[in-house]
Amino acid sequence: MRPRSAGLRRARRLVAALVLLAVWQACSVVVLPRVAPYLVILLPPPLAVASAFLDLARTGDIVVHVLASLKRVVGAFLIAAVSGVGLGVVIGWWRTFGDLVDPLVEFFRPIPPLAWIPLAILWFGIGDTQNMFIIFLGAFFPIVVNSIAAVGGVDRTLVWGALTLGGSRWQILREIVLPGALPTVLTGLRIGLGVGWMALVAAELVAASSGLGFLIEDSRNLLFTERVLVGMILIGLLGLVMDRGMRLLQAWLVPWAVSWR
Amino acid sequence: MSLGARGRALALPLAFVATWQLATGILMPSLASALPPPSKVLAEAWGVLASGDLLASAGHSLWRVLGGVVVAVSLGIPVGVGIGLSALFEDIVDPAVEFLRPIPPIAWIPLGILWFGIGDTQNMFIIFLGAFFPVVLNTVSGVRAVDRSLVWAALTLGGSRGQIIKEIVLPGALPLILTGCRIGLGVGWMALVAAELVAARSGLGFMIQSARYALATQRVILGMAVIGVLGLLMDRGMLWLERHVVPWVTSAR
């Protein structure tokens, strides 16, 4: 528990990561073939994964799949963001409406977005519309729920103060409620983007002919395990980049309400 | 909740179900293959309850979730306590955790199929991955949130390392550990559905996927409802447990 120098800790972490990679490489190249040659198919060494990535990058396949996934996520997320924040603010702000509509949101919320996949295939077939519907469902509920909570969490004294000073309903909504709700709304958007990304992978596994989810399922069928790993790592990396991007947006828009991690 | 408020809360869901019944049952019966009316879903519920299919599917799913989550909790808590207490352990384990954590459990499904084939082991592996990281991360935060002066006081009174972990760190971290278990259970349940959609021959996820192939849309919708209700019940159960085990933590949600 004693504080140690940051340099020593960074070095230790780097060594730990390198040792892990070396153990994985040795395990795949030396140990697994001795046990049974076919086992290498199950866990290709990191160098094979890297060269599979370079292959996919050279042919341009990887760009196609990444763009297909990103296009679906961005499209569906934008729809979910606009409708989710809009509905959430209205539910949180206008109580009579909220008392009516909130139960309907709670009625649908417990169903995981992934459980909609079979029904969505029946409705939309296979492809972009189905995938975007699943992402939309994944992103929509965290956004709505956080927007409702955000409006409810706005400091009442500020609202009363503005009322005392003769502010109109519209002014109060624009000048006090929306800025006050912004930090939690942004948190909802960040969580929604994360759930949407996870939902996309599931939707593409089952019902797509492009995208990273399709890439890993297709590569599994062809026993290209190193491509499965490339796809998994890219999915993780892109998810991380999107999450960091949302956090930067938070730091930029609401610097007073940011906690990293 | 007053009677009026309860009425308002029920109004729109009831209106929704009524419109659904009216639209697909009476006005546009041609829609019924894509969206069967609630009456058909209820009739299906009665049928699969009577034949025992529903209970068997739900039983399989619950068994897998239980197995995956129990393994995730029993590994995740020690790893989290280790990371929270020891800088050396953190530096060794954390790079791997940070590398693996961003990969969603769903993205492991194809590799899980290659490693374990189709069935319980693969499903439990995916659930384990979904539940493990929330448990670890919340345990780490819980351990770090433990009041330092309590630890120093125990050290002053001659407490050993084991005693301090057992008597101070674990009880102090318990609220966040339980929160981690609840979140892990939720993510695990969602991961289970995905795993069963792709790689199972039983369970609720398999039930809705095979019902889709058979165009038995009423069974798809029934399965979705059961998945939602069971997920909600597990979440409520964990919240109840939190309230009873750590009543001093007042968190509404």
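Residues numbered from 1 in each chain as written. Chains lettered and ligands numbered in written order. Predicted model: local features only at pLDDT ≥ 70, side-chain atom pairs only at ≥ 80, totals over all residues. Heavy atoms only, no water.

S.K.: Looking at this structure, I do not really get the overall build of chain A. What am I missing?
M.R.: On a plain count of helices and strands, chain A comes out with eleven helices and zero strands. Compactness check: chain A gives a C-alpha radius of gyration of 23 Å against a globular reference of 18 Å for 261 residues, more than 25% above the reference. With respect to the three principal axes, the spread of C-alpha positions in chain A is 80 × 60 × 30 Å. Burial statistics for chain A: of 261 residues in total, 46% are counted as buried. In chain A, the share of contacts with a sequence separation of at least 24, taken over all contacts with a separation of at least 6, comes to 68%. (Helix = DSSP H or I, 4+ residues; strand = E, 2+ residues; numbered from the N terminus. Rg over C-alpha atoms; globule rule 2.2 N^0.38 Å. Buried < 20%, exposed > 50% of the residue type's maximum accessible area, 1.4 Å probe, protein only. Contact = heavy atoms within 4.5 Å.)

S.K.: I'm lost on the domain arrangement of chain A in this one. Help?
M.R.: How large an interface is tends to be reported as the accessible area lost when its parts come together. With domains assigned, chain A is organised as domain 1 (1-43) and domain 2 (52-257). Each of domain 1 of chain A and domain 2 of chain A was reduced to a C-alpha centroid, and the two centroids are 35 Å apart. (Domains from an automatic or database assignment.)

S.K.: What should I look at first to understand helix H9 (residues 204-213) of chain B in this one?
M.R.: In an α-helix there are 3.6 residues to a turn, and that puts residues three or four apart on one side. Among the ten residues that make up H9 of chain B, seven are buried, leaving the element largely enclosed by the rest of the structure. Residues of H9 of chain B that are buried include every one of Leu204, Gly205, Met207, Ile208, Gln209, Ala211 and Arg212 of chain B, and no others. If you follow the buried residues of H9 of chain B, they end up packed against helix H6 (117-124) and helix H9 (169-206) of chain A together with helix H3 (53-85), helix H8 (161-198) and helix H10 (217-245) of chain B. Phi for Leu215 of chain B, located one or two positions after H9 of chain B, is positive at around 55°.

S.K.: Is there a simple way to explain the interface of chain B and chain A in this structure?
M.R.: Listed per partner, the contact involves 53 residues of chain B and 51 residues of chain A. Both sides of the chain B and chain A interface together cover about 4800 Å² of buried area, and 78% of this is carbon and sulfur. Inspection of the chain B/chain A interface yields five salt bridges. Arg12 of chain A is the salt-bridge partner of Asp91 of chain B, the closest N and O atoms lying 2.7 Å from each other. (Buried area = accessible area lost by both parts, 1.4 Å probe. Salt bridge = Lys/Arg side-chain N within 4 Å of Asp/Glu carboxyl O.)

S.K.: Explain the nonpolar core here, please?
M.R.: One broad trend across soluble globular proteins is that nonpolar side chains are buried collectively. Judged by nonpolar contacts, the single largest core of 140 residues is most densely connected at Leu114 of chain A together with Ile106 and Leu204 of chain B. Residues lining this core come from more than one domain, with at least three contributed by each of domain 1 (1-43) and domain 2 (52-257) of chain A. Here Leu204 of chain B is in contact with Leu54, Ser57, Ala58, Ser61, Trp189, Glu196, Val226, Ile227 and Leu230 of chain B, once residues within four sequence places are set aside. (Core = buried A, V, L, I, M, F, W, Y, C linked by side-chain atoms within 4.5 Å.)

S.K.: Quick question: what am I supposed to make of the packing of aromatic side chains here?
M.R.: Here a ring pair, both rings aromatic, is described through the centre-centre distance and the interplanar angle of the planes. A complete count under the given rule lists 20 aromatic pairs over all chains for this structure. Relative to Phe133 of chain A, the ring of Trp123 of chain A has its centre 6.2 Å away and its plane inclined at 55°; by these criteria the two rings are tilted. Note that Trp123 of chain A is positioned in helix H6 and Phe133 of chain A in helix H7 (residues 128-152), a separation of ten residues in sequence. For the ring pair Phe140 of chain A and Phe141 of chain A, a centre distance of 5.3 Å and an interplane angle of 80° mean the geometry is edge-to-face. The residues Phe140 of chain A and Phe141 of chain A share a single accessibility class, namely buried. Here a set of aromatic residues connected by ring pairs shows up, and it is made of Phe107, Phe108, Trp116, Trp123, Phe124 and Phe133 of chain A together with Phe16 and Trp20 of chain B. Sitting over the face of the ring of Phe224 of chain A, Arg227 of chain A holds its NZ or CZ atom 4.7 Å from the ring centroid. In this arrangement the basic side chain of Arg212 of chain B is found over the ring face of Tyr213 of chain B, its NZ or CZ atom lying 4.5 Å from the centre. (Phe/Tyr/Trp six-rings, centres within 6.5 Å; stacked < 30°, edge-to-face > 60°. Lys NZ or Arg CZ within 6 Å of the ring centre and 35° of its normal.)

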